[in-house]
Amino acid sequence: MTLTRLILLILLSSPLELLAGNLTITIDGVNEEQEINIRSVLSIEQLKNLEVINPSRLRYLHNLAEDEIKTALQPLGFYQPQINAELNKAEQDWHAHYSITPGKLLLISKFDVQLSGAADKDIAFKQLLAKTTLKLGSPLIHSQYEQLKKQLSSLAVERGYYQAKLTLHRVEVNLKEYSATVMLHFDSGPRFNIGEISFAPNPFDDEYLKSYASFSPGDPVQNSSLIDLQSALIDSDYFQRVEVRPLWNQMSDTEVPVFVDLETNKRTKYHAGLGYGTDTGARTKLGMTKRWVNHQGHQFNTQLLASEIITNLSAEYSIPGENPREDRYAILFNLMDENSDSVETRSYSIGISKQQQRGRWQQVIALNYQQEESTFSGVTDTSYFLIPQITYSTISTRDRLRIKNGYSLSTQLRGSSQTLLSTEDFVQLRLNAKGIYSLSNNIRLLGRAEAGTTWVDDFDLLPASLRFFAGGDNSVRGYDYQSLGPRNASNDVIGGRNLVVGSAEIEYRFKENWGVAAFIDSGNAFDDVDVSLHTGIGIGLRWFSPVGPVRFDLAVPQDNGDSNSVHLHFNLGADL
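Residues numbered from 1 in each chain as written. Predicted model: local features only at pLDDT ≥ 70, side-chain atom pairs only at ≥ 80, totals over all residues. Heavy atoms only, no water.

> An account of the pairing of strand 23 (residues 514-526) is needed here, citing residue identities and associated values.
Of the strand pairs in this sheet, strand 22 (residues 498-511) and strand 23 are connected by 13 bridges, and their pairing is antiparallel. Paired with E507 across the bridge in strand 23 is A517. Taking the residues that link successive antiparallel strands as the turn, the strand 22-strand 23 hairpin has 2 residues. Here strand 23 runs beside strand 24 (residues 534-545); their pairing, made up of 10 bridges, is antiparallel. Across the sheet, residue V516 finds its bridge partner in strand 24, namely L541. (Pairing = 2+ DSSP bridges. Helix = DSSP H or I, 4+ residues; strand = E, 2+ residues; numbered from the N terminus.)

Below is the structure:
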């Protein structure tokens, strides 16, 4: 026999074995979770959608599939599945098909969970066991069993049981009776308590720093409390590094000393900046902050803001309250000179305030004495006011610089009386709201609303700072800064008793740090209920800088006679 005839005979005798084909795998009869678990353990999956060049290995892996499927279903509570496995070949391609009936869930017939040690009387552990989905009569789901073990250990560490351990953890499956026994015995040991709290050398009184802690000596050691103290001290701005750690090697019985390692910031911080805004023109900022004045944590801050329209010098001396994280007192001084197309005013004020955190709301109660000279149509009036005011504000968002969803709300009530060193009686209420909602990763909706009203007998006696104006970057775009409001006989804007402004904007981010926007703003300041709203529409460019969004807007006013004018607005600052 010639060599050629021999090769031809081999090819004719087994042609299908020598031609490579692709493998497809189908699984039916199970849900998505079960299928994912099955495919994760199926050895034959490694050949899926590949050319089969070794049919013998393919058949070997297929023969393993039935046992692998049973193994994959057991952690999900199925111990007696019915499996029909087929491996077929059509022309060159292979197809593996597994039809599965999972069967009945294996139920827990004995659930033996025991707590010993101090945790036996800790309600947190009883609540954990009450909430677990692993119970007598429930299916044996292995992931739930492992989760309960982790939850017991994590809760023990969190609540100060640092010698806790599982003394027995076992699962027994009886296939004859088709039931399971779960045994978990957990010995927490003693619960450890906070001992002496000490600090690394620093410029503050220890008792003052201890007031930042939400715990005291004798309280249980809890990781969340230690982390909370660390975060609070960092947020105080006194320190650039804080580490709070229990000293386990120095514990006595169940008392564990806590040491706070600290590294202070520089005592004095200077800051300066240059910028431009269409409301203010070119502007500069200079400031100095004394992070601490004395060992009680008092602080001092002063800042000068100068622009083409507004010059403002402010100073604040703040004193921490009994709970320095939430309570703060301040002595305030402010000097302002504003000279815009609508307003010419000079004022100074001195006051005191108390800031408190009320749940999610920040409350500020203040009393300010203010003297102001306002000029309208060449006539200058001087006024004096002693103004008590209360402000509530809140912000809800995860990241102030990269906001996907969130909102801010604030309300302020203030007033004065002629019987208390004031030129005129008045009461004023102001409301502000902003909201952001993301339709997708690239599209956001932004809304803004502002409203205010003033009750006063003689409006002419109110200075410019107590009147309402509209128009500008943060008001109604398409109009100049404070150019909207009631006018006098000389057609000068003199401000109004009331204010209403609304804005809606849609923003599309086409690159990581760049976006475009379209918006509509509407509003006005007015004296009576018959308000005439002014509307501006426009488009904008957004640069999401490391210090917050930078906004470039082109807006067109919609009033008759002004619809052909285009206003440029430039603004920098957080969305909320």
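> Give a detailed account of the packing of helix 5 (residues 123-131) against helix 6 (residues 142-158), specifying residues and quantitative values.
A pair of packed helices is characterised by two quantities: the angle between their axes and the separation of those axes. One can describe the packing of helix 5 onto helix 6 by two numbers: an axis separation of 11 Å at closest approach and a directional angle of 165°. One element, helix 5, and the other, helix 6, form an angle in the roughly antiparallel class. Every pair of crossing elements has a handedness; the one defined by helix 5 and helix 6 is right-handed. From helix 5, A124, F125, L128 and L129 reach across to helix 6, where they touch L148, Q151, L152, L155 and A156. Across the contact of helix 5 with helix 6, the residue classes break down as 8 nonpolar, 1 polar and no charged. (Axes fitted to C-alpha atoms, helices over the stretch in contact; angles between N-to-C directions. Parallel < 35°, antiparallel > 145°, perpendicular 65-115°, else oblique. Left-handed = near helix turned anticlockwise from the far one by under 90°. Contact = heavy atoms within 4.5 Å. Nonpolar A, V, L, I, M, F, W, Y, C, P; charged D, E, K, R; others polar.)

> Just give me the short version of the sheet that holds strand 2 (residues 51-52), but keep the residues and values in it.
Taken together, 4 strands build an open sheet; the order of strands is 2-1-4-3 and the sheet is mixed. If you trace the sheet from one side to the other, it starts and ends with strand 2 and strand 3 (82-90), each paired once. Where strand 1 (residues 21-28) and strand 4 (residues 93-101) come together, 6 bridges link them in parallel fashion. Across the sheet, T26 pairs through a bridge with H97, a residue of strand 4. Running at roughly 140° to strand 1, helix 3 (residues 32-41) makes contact with strand 1 and strand 4 of the sheet.

> Outline the sheet that holds strand 10 (residues 255-264), listing residues and values.
The 3 strands lie next to each other as 8-10-9, forming an open sheet whose pairing is mixed. With one partner strand each, in any of the chains shown, strand 8 (193-199) and strand 9 (239-246) form the two edges of the open sheet. Sheet twist, expressed as the average angle between the axes of neighbouring strands with direction ignored, equals 20°. Bridge count for strand 9 against strand 10 is 7 bridges, and the pairing is antiparallel. Paired with F239 across the bridge in strand 10 is T264. Across the face of the sheet, helix 8 (residues 223-235) comes into contact with strand 8, strand 9 and strand 10 while running at roughly 165° to strand 9.

> A description of the packing of aromatic side chains should follow, citing residues and the corresponding values.
The tally for this structure, following the rule as stated, stands at 14 aromatic pairs. Ring geometry for Y238 and F239: centres 6.1 Å apart, planes at 80°, overall edge-to-face. What makes F239 buried here is its relative accessible area of 2%. The ring centre of F519 lies 3.8 Å from the NZ or CZ of R477, which sits over that ring. (Phe/Tyr/Trp six-rings, centres within 6.5 Å; stacked < 30°, edge-to-face > 60°. Buried < 20%, exposed > 50% of the residue type's maximum accessible area, 1.4 Å probe, protein only. Lys NZ or Arg CZ within 6 Å of the ring centre and 35° of its normal.)

> Which residues make up the nonpolar core, and what are the values?
Counting residues in each nonpolar core, the largest one holds 24 residues, and the members touching the most others are L209, L229, L233, F239, V260 and L262. For this core, the secondary-structure elements that each account for two or more residues are strand 8, helix 7 (206-210), helix 8, strand 9 and strand 10. Residues L61, A65, I83 and W94 belong to the second largest nonpolar core, which totals 22 residues. (Core = buried A, V, L, I, M, F, W, Y, C linked by side-chain atoms within 4.5 Å.)

> Got a sec to walk through the packing of helix 3 against helix 4 (residues 55-73)? Specific residues and values, please.
Put simply, helix 3 and helix 4 touch, their axes get as near as 9 Å, and they point 130° apart. When the axes of helix 3 and helix 4 are compared, the pair comes out oblique. In the packing of helix 3 onto helix 4, the handedness of the crossing is right-handed. Across the interface between the two elements, Q34, N37, I38 and V41 of helix 3 pack against E68, I69, A72 and L73 of helix 4. Across the contact of helix 3 with helix 4, the residue classes tally to 5 nonpolar, 2 polar and 1 charged.

> Can you tell me about the pairing of strand 18 (residues 379-396), naming the residues and giving the values?
Pairing analysis gives 15 bridges linking strand 17 (residues 361-376) to strand 18, with the strands arranged antiparallel. From the neighbouring strand, S374 faces strand 18, where its bridge partner is D381. Here strand 17 folds back onto strand 18 in antiparallel fashion, the turn holding 2 residues, of which S377 has a positive phi close to 55°. Sheet topology places strand 18 next to strand 19 (residues 406-416); 8 bridges connect them, and they run antiparallel. Within strand 19, the position partnered with I395 by the bridge is S408.

So far we have only geometry, and geometry alone does not tell us how the molecule works.
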